[in-house]
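Structural description and commentary
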Amino acid sequence: MSRTTKLVPLAVVAATAVVTAACGSSGGKPAAASGTSAPMTAAAPGAPTGSGAVVATASSGLGQFLVDGAGRTLYLFEADKGTSSTCYDACSQAWPPLLTTGWPTAGTGANAAELGTTTRKNGTVEVTYHGHPLYHYVADTAVGDMNGQSLNQFGAKWYVLAPSGAKIDND
C-alpha cells in the first residue's frame, strides 16, 4: 500500500470527527445560546471554534465599561430578552452585532464566566455578556467613543455595560 492511500482514510476519519463534534447534540450551539441567560465558563461541545472575539474593559467618566479587542465600545439593547437578538435589518446596520468565529475571550477587566454566544437568524454567532447580546454603534468612529449611550432607537434604549454585565444608565 502506498503512503498516499494510508493518509486518505486518516483524513476521512479526522474530517468526520470534526464534523461530528461541530454538530453536537444541541444543534451546534453552546448552552448559553439556547435562550437561557446562564453564563458559561468554558466552550461547550459544539461551541464555535476558531478565533474568538475579545471582550475587555476601558474607563471613562461613566466608569469601567465593556469594549471589544480593538477598544471599541460595546452596547446592550433593552429590546433583547434573554440571549436572543432582536436587532436585524436596518437595526443591525446601525448597531452591528459583535460576531465571533470561536469562543469569546475575556480580556483585561472582563469576566470570562459572563461570556457566551447566541446564533443569529442568518447563522452567524454573536457574543453575549451576562446574557446580553453585544453590539457596536456605527457612529462610534474612534476608540472610546460612546455616541450610542442612552439612545432610543429601533424601539428601545441602548446602553454601555459595566464589567458586571449591568447597563450603565446615566439618564
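Residues numbered from 1 in each chain as written. Predicted model: local features only at pLDDT ≥ 70, side-chain atom pairs only at ≥ 80, totals over all residues. Heavy atoms only, no water.

The bond known as a disulfide is covalent and runs between the sulfur atoms of two cysteines. This model, assessed by the stated rule, comprises one disulfide. Between Cys87 and Cys91 runs a disulfide, and the two sulfur atoms are separated by 2.0 Å. On the S-S bond that ties Cys87 to Cys91, the torsion sits near -110°, and the link is left-handed. Cys87 gets classed as buried once you look at its relative accessible area, which sits at 0%. For Cys91, a relative accessible area of 4% corresponds to the buried category. (Disulfide = S-S within 2.5 Å. Buried < 20%, exposed > 50% of the residue type's maximum accessible area, 1.4 Å probe, protein only.)

Spatially, β2-β1-β5 is the arrangement adopted by the three strands of the open sheet, whose pairing is mixed. Only two strands of the sheet have a single neighbouring strand rather than two, namely β2 (63-68) and β5 (102-106). Pairwise comparison of adjacent strand axes, ignoring direction, gives a mean angle of 25° for this sheet. Here strand β1 (residues 52-60) runs beside β5; their pairing, made up of three bridges, is parallel. Pairing of Val55 across the sheet is with Ala106, part of β5. (Pairing = 2+ DSSP bridges. Helix = DSSP H or I, 4+ residues; strand = E, 2+ residues; numbered from the N terminus. Axes fitted to C-alpha atoms, helices over the stretch in contact; angles between N-to-C directions.)

Predicted coordinates in regions of low pLDDT should not be interpreted in detail. When pLDDT is averaged along the protein, the result is 79; 71% of the residues meet or exceed 70. Throughout residues 1-47 the model reports pLDDT below 50, and contacts reaching past four residues in sequence, or to other chains, amount to 44 contacts. (pLDDT = per-residue confidence, 0-100. Contact = heavy atoms within 4.5 Å.)

Take the sheet that holds strand β10 (residues 156-160) next. Strand pairing in a sheet takes place through backbone hydrogen bonds and is either antiparallel or parallel in direction. Read across the open sheet, the three strands follow the order β3-β10-β9; overall the sheet is antiparallel. The sheet is open, and its two edges are formed by β3 (75-77) and β9 (152-153), each paired on a single side. In the sheet, β9 pairs with β10 via two bridges, with the strands oriented antiparallel. Among the inter-strand pairings, Asn152 is bridged to a residue of β10, identified as Lys157.

Let's shift gears to the environment of Ala142. Here Ala142 is to be found in the loop between β8 (132-133) and β9. With relative accessibility at 40%, the residue Ala142 sits in the partly exposed group. C-alpha separation for the pair Ala142 and Arg72, spaced 70 residues apart in sequence, amounts to 7.3 Å.

This part takes up the packing of aromatic side chains. One pass over the structure, following the stated rule, counts six aromatic pairs. Ring centres 6.4 Å apart and planes at 75° place the aromatic pair Tyr75 and Tyr137 in the edge-to-face group. One end of the pair, Tyr75, is in strand β3; the other, Tyr137, is in the loop between β8 and β9, and 62 residues separate them in sequence. Classification of Tyr75 as buried rests on a relative accessible area of 0%. Residue class for Tyr137 comes out buried when judged on its relative accessible area of 11%. These aromatic residues form a ring-pair network of at least three members: Tyr75, Phe77, Trp95, Tyr135, Tyr137 and Trp158. Looking at Arg120, its charged tip hangs above the ring of Tyr88, at a distance of 4.2 Å from the centre. Over the ring of Tyr88 we find Lys121, and its NZ or CZ is 4.2 Å from the ring centre. (Phe/Tyr/Trp six-rings, centres within 6.5 Å; stacked < 30°, edge-to-face > 60°. Lys NZ or Arg CZ within 6 Å of the ring centre and 35° of its normal.)

Grouped together as the largest cluster of nonpolar side chains are 17 residues, with contacts concentrated most on Tyr75, Phe77, Cys87, Trp95 and Trp158. Secondary-structure elements contributing two or more residues to this core are β2, β3, α2 (90-94) and β10. Per-element tally for this core: the top contributor is β10, with three residues. Within the second largest apolar cluster, 13 residues are counted, among which are Ala53, Leu74, Leu115 and Tyr129. (Core = buried A, V, L, I, M, F, W, Y, C linked by side-chain atoms within 4.5 Å.)

Going through the model one piece at a time under the given rule, you end up with three salt bridges. Between Arg120 and Glu126 there is a salt bridge, and its shortest N-O distance comes to 2.8 Å. Notably, a salt bridge pairs Asp169 with Lys167, separated by 3.8 Å at the nearest N-O pair. Because the salt bridges share partners, they merge into one network encompassing Glu78, Lys167 and Asp169. (Salt bridge = Lys/Arg side-chain N within 4 Å of Asp/Glu carboxyl O.)

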